[in-house]
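# Overview (structure and organization)
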Amino acid sequence: MSALADKLRGLRRQAGVTPPAPTPVPTQPRPALPDNIRQLLGIRQRAQGKPRRNVVTDPASLPGETIAPGLQLCETRSAWPPTPPTFHADFARVDDVIAPERLFLFDTETTGLAGGTGTRAFMIGVGDWHEGAFRERQLLITTLAGEAAMLDCFASWLHPDAVLVSYNGKSYDTPLLKTRFRLLQRACPLEGLAHIDLLHPVRRRWRAAWENCRLATAERQLLQVVREDDLPGSEAPAAWLGFLRGGSAGPLHRVARHNSQDLRSLGGILHHFAVEDDAPTAV
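Residues numbered from 1 in each chain as written. Predicted model: local features only at pLDDT ≥ 70, side-chain atom pairs only at ≥ 80, totals over all residues. Heavy atoms only, no water.

Here we take up the overall build of the protein. Looking only at helices and strands, the protein has 8 helices and 9 strands in total. Expressed as a percentage of the 283 residues in the protein, the buried residues total 43%. Here the contacts in the protein between residues at least 6 apart in sequence split such that 70% fall between residues at least 24 apart. A total accessible area of about 16200 Å² is found for the protein, and carbon and sulfur atoms account for 53% of it. (Helix = DSSP H or I, 4+ residues; strand = E, 2+ residues; numbered from the N terminus. Buried < 20%, exposed > 50% of the residue type's maximum accessible area, 1.4 Å probe, protein only. Contact = heavy atoms within 4.5 Å. Areas by Shrake-Rupley, 256 points an atom, 1.4 Å probe, with all protein chains shown as cover.)

Written out as structure tokens, the structure is:
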């Protein structure tokens, strides 16, 4: 096509014919983008064009110690709550006699309370009685990539005859963790384990007497525990997400203290049921 066009131009020049000037195309102003589209494009441009801020400037500012990339471990021991005796768990509708060394208390801090595949646990706290003391171990991820190592470590702590102890864990914590294990293509160590969810025996016995049966109410009524300067669980997601965006690690220490108190209160409430003479039975 280019050779033919050149030949035609040459014939026009020989004949003295001037080719017509191209018709100018009127320019139209570019339409303004809607504000929401401009914001989305701005977010994308910033993500592609600017380096992200460092999440961690000083690992010492984080709770615990680094045990894997993006994973922290906090471990403490205390004399309270006391070790419960061997007990029958009929108060929790678990037909089993349980020795204290089988007990595996756990509680999660998550990115939201709605559940679903978009919600993940960024902290898993575990409590047990070990060598005469109450041992707390908390796993905290500091990057999204640290989740696999956290789940692997959590799974390694469980043994086949463990008895799970939680507060509303049957409805929330356990399904959430099962989802995360499945999404990361790992076998879930929680399957098939006995589970004492203390929310249910608390409700059966005191729902008519208390204003509600939340953990904070149960620990106040049964253990005389009143939290001071406690980070509400609803604020934990913002503390972790703020850290991921480059914020301070300070709020994560408050999340860890909140989780620690949850674990100790679980132990105290369980001890209350295990030792009281008139322990409530299933109705």
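Read on, since the account is not over.
With that out of the way, let us pick up the side chain of threonine 119. By secondary structure assignment, the location of threonine 119 is in the loop between β5 (103-110) and β6 (121-130). Since its relative accessible area comes to 7%, threonine 119 is described here as buried. In this view, threonine 119 contacts Thr110, Thr111, Gly112, Tyr172, Leu176 and Arg180; residues no more than four positions away in its chain are not counted.

Taken residue by residue, helix α7 (residues 236-244) has Ala236, Pro237, Ala239, Trp240, Phe243 and Leu244 as its buried positions. Each buried residue of α7 lies within a common arc of 165 degrees when the element is viewed along its axis, so the set occupies one face. Downstream of α7 by a residue or two, glycine 246 has a phi angle that is positive, lying close to 105 degrees. (Arc of directions from axis to C-beta.)

The space that makes up the largest pocket amounts to roughly 800 Å³. Going through the elements one at a time, β5, α4 (169-183), α5 (199-206), α6 (215-223) and α8 (250-275) are the ones with two or more residues in the lining of the largest pocket. (1 Å grid on protein atoms, 1.4 Å probe; cavity = no way out; pocket = protein on both sides within 12 Å on 5 of 7 lines; lining within 4 Å. Points joined across faces, edges and corners; volume = space filled by probe spheres on them.)

Moving on: the pattern of salt bridges. Within the structure shown, the criterion is met by 14 salt bridges. Here the salt bridges do not stand alone but share partners, grouping Glu219, Arg227, Asp230 and Asp262 into one network. (Salt bridge = Lys/Arg side-chain N within 4 Å of Asp/Glu carboxyl O.)

This part is about the sheet that holds strand β7 (residues 133-141). If you walk across this open sheet you meet the 7 strands as β1-β2-β7-β6-β5-β8-β9, and the pairing is mixed. At either margin of the open sheet sits one strand with a lone partner, and together these are β1 (65-68) and β9 (194-197). Shown here is a sheet whose adjacent strand axes are inclined to one another by a mean of 30 degrees, direction ignored. Along the sheet face, α7 touches β5, β6 and β7 and points at about 115 degrees away from the line of β6. (Pairing = 2+ DSSP bridges. Axes fitted to C-alpha atoms, helices over the stretch in contact; angles between N-to-C directions.)

This part is about the environment of glutamate 235. Here glutamate 235 lies in the loop between α6 and α7. Residues glutamate 235 and proline 251, spaced 16 residues apart in sequence, show a C-alpha to C-alpha distance of 9.5 Å.

Turning our attention to the pairing of strand β8 (residues 163-166). The side chains of a regular strand alternate, residue by residue, between the two faces of the sheet. Burial along β8 is two-sided: Val163 and Val165 and Leu164 and Ser166, pointing in opposite directions, are all buried. Relative to β8, β5 runs parallel, the two being bridged by 3 bridges. Opposite phenylalanine 104, over in β8, you have leucine 164 as the bridge partner. The β-α-β motif built from β8, the intervening α4 and the parallel element β9 has right-handed crossover chirality. (Right-handed = clockwise from strand over helix to strand, strands pointing away.)

What follows covers the nonpolar core. Phe104, Phe122, Ile124, Leu139, Phe154, Leu158 and Leu177 are the most contacted members of the largest nonpolar core, which has 39 residues in total. Taken together, the elements giving at least two residues each to this core come down to β2 (71-78), β5, β6, β7, α3 (147-157), α4, α7 and α8. Beyond its immediate chain neighbours, meaning those up to four positions away, isoleucine 124 contacts Asp107, Thr108, Arg137, Gln138, Leu139, Met150, Leu151, Phe154 and Leu177. With 30 residues, the next largest nonpolar core counts Phe87, Ala89, Ala92 and Trp210 among its residues. (Core = buried A, V, L, I, M, F, W, Y, C linked by side-chain atoms within 4.5 Å.)

Take the pairing of β5 next. Of all 8 residues that make up β5, 8 are buried, and the element is covered over most of its length. Alternating residues of β5 divide into Leu103, Leu105, Asp107 and Glu109 and Phe104, Phe106, Thr108 and Thr110, and every residue in both groups is buried. As paired strands, β5 and β6 are joined by 6 bridges and run antiparallel to one another. Considered in β6, the bridge of threonine 110 is made with alanine 121.

With that settled, consider the side chain of threonine 174. Tracing the backbone through its elements, the reader meets threonine 174 in helix α4. With sequence-adjacent residues up to four places away left out, threonine 174 is seen in contact with Phe106, Gly169, Leu190 and His195.

Here the distance between the centres and the angle between the planes together describe a pair of aromatic rings. What the rule picks out here adds up to 7 aromatic pairs. When the ring of tryptophan 206 is compared with that of tryptophan 210, the centres are 5.0 Å apart and the planes differ by 0 degrees; the resulting orientation is stacked. Side by side, tryptophan 206 and tryptophan 210 carry an identical accessibility label, which is buried. Through successive ring pairs, a cluster of aromatic residues spans Phe87, Phe91, Trp206, Trp210 and Phe273. The lysine or arginine in question, arginine 137, covers the ring of tryptophan 157, its NZ or CZ lying 4.2 Å from the ring centre. (Phe/Tyr/Trp six-rings, centres within 6.5 Å; stacked < 30°, edge-to-face > 60°. Lys NZ or Arg CZ within 6 Å of the ring centre and 35° of its normal.)

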